[in-house]
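# Coordinates in review
What follows is each chain in one-letter form.
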Amino acid sequence: MTEKLSDERFEEVSENYKRISERIETARLKAGRKDEVRFMGVTKTVAPELINRSVELGIRLLGENRVQEFLDKHESYDKRAQVHFIGALQSNKVKYIIDKVSMIHSVDSIKLASEIDKRARAHGLVMDILVEINIGGEETKSGISPEELNAFIEEIYGLRGIRIRGLMTIPPVNTGGSSERYFAKMQEMFGELKSKAEGDSRFLVDTLSMGMSGDFETAIKYGSNIVRIGSLLYGYRKY
Ligand SMILES: *Cc1c(COP(=O)(O)O)cnc(C)c1O
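On a predicted model such as this, the values are computed, not experimentally measured, just so you know.

### Observations regarding the overall build of the protein chain
- Counting secondary structure elements, the protein chain contains nine helices and eight strands.
- Taken against the 2.2 N^0.38 rule, which gives 18 Å for 239 residues, the C-alpha radius of gyration of the protein chain at 17 Å falls within 12% of a compact globule.
- Counting only C-alpha atoms, the protein chain reaches 50 × 40 × 35 Å along its principal axes.
- A fraction of 61% describes how many contacts in the protein chain between residues 6 or more apart in sequence connect residues 24 or more apart.
- Taken as two groups, the 37 positive and 37 negative side-chain charges of the protein chain have centres that lie 2 Å from each other.

Right under this line is the structure:
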């Protein structure tokens, strides 16, 4: 799994980072937005040395989606970077990551939310979470359906070890232009959640995590403020 890091490989990532950052900025301005869009480097299968070089380039947010791989690698990470957990998370694995990440993007069940709450409180912390939405209603995908979101929020609202920061999604792939309507729907739901949360200290709804290598510009058009970039940054690879 480890790869030897050549200068060319680093150069390539450096060029990719510059190009993607420019595209993010262009998309942000084109959308008439004044707020920030955060660049997340998605680090699955990437060697820690290369991850740290990318932190040196300016990436301050890393996304991890496999518990074991993360545990194997995280101690060598540059401490200037924050890590968010973005992948499918089994409840029994929460205890391994609870004190090592600053946000969990993939909360998709009451059981998982309750476990995060319990483990966070045991560590004397409050974990920031995003609710993952299955925006395309796909059978094979995890996430809460849009219709269930309000009920889900009501159920986890009382948990003191978590703080709801917003929403995350992975829209259906290969849908041509229609991913646009999924992002639009997410933006609408995010706006509703935000107004619901206003003036309530148990919420701090400010994060809409959507957009990956193939669709981040469209996601930015619809208000995404964390784009999760893997292959376009670190090079194409098998997952
Ligand atoms: C792998 C992954 C990404 C990055 O995908 P790319 O298409 O390689 O940019 C983003 N989000 C999640 C949840 C992922 O698992």
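### Observations regarding the pattern of salt bridges
- Inspection of the entire model under this criterion finds 19 salt bridges.
- The shortest N-O distance in the salt bridge between E138 and K141 comes to 3.0 Å.
- Residue class for E138 comes out partly exposed when judged on its relative accessible area of 23%.
- Several salt bridges share partner residues, and in doing so they unite D128, R163, R165 and D206 into one network.

### Some details on the packing of helix α6 (residues 149-156) against helix α7 (residues 179-197)
- Viewed as axis vectors pointing N to C, α6 and α7 meet at an angle of 35°, and their least axial separation amounts to 12 Å. α7 is crossed by α6, and the crossing has right-handed handedness. For the pair α6 and α7, the contacting residues are L149, N150, I153 and E154 in the first and M189, L193 and K196 in the second.
- Residues of the contact of α6 with α7, tallied by class, amount to four nonpolar, one polar and two charged.

### A few points about the pairing of strand β5 (residues 127-133)
- Most of β5 is tucked away: seven of the seven residues are buried.
- Judged by which residues are buried, β5 turns out to be covered on both faces: M127, I129, V131 and I133 on one side and D128, L130 and E132 on the other are all buried.
- Of the strand pairs in this sheet, strand β4 (residues 103-107) and β5 are connected by three bridges, and their pairing is parallel. In the sheet register, I104 faces β5, and the bridge partner there is I129.
- In this fold, the crossover linking β4 to β5 by way of helix α5 (residues 110-122) has right-handed handedness.
- Relative to strand β6 (residues 162-169), β5 is paired through seven bridges, and the arrangement is parallel. Paired with L130 across the bridge in β6 is G166.
- For the crossover that starts at β5, traverses α6 and ends in the parallel β6, the hand is right-handed.

Reading guide: rules and limits
Residues numbered from 1 in each chain as written. Predicted model: local features only at pLDDT ≥ 70, side-chain atom pairs only at ≥ 80, totals over all residues. Heavy atoms only, no water. Helix = DSSP H or I, 4+ residues; strand = E, 2+ residues; numbered from the N terminus. Rg over C-alpha atoms; globule rule 2.2 N^0.38 Å. Contact = heavy atoms within 4.5 Å. Lys, Arg positive; Asp, Glu negative; His and termini not counted. Charge placed at Lys NZ, Arg CZ, Asp CG, Glu CD. Salt bridge = Lys/Arg side-chain N within 4 Å of Asp/Glu carboxyl O. Buried < 20%, exposed > 50% of the residue type's maximum accessible area, 1.4 Å probe, protein only. Axes fitted to C-alpha atoms, helices over the stretch in contact; angles between N-to-C directions. Left-handed = near helix turned anticlockwise from the far one by under 90°. Nonpolar A, V, L, I, M, F, W, Y, C, P; charged D, E, K, R; others polar. Pairing = 2+ DSSP bridges. Right-handed = clockwise from strand over helix to strand, strands pointing away.

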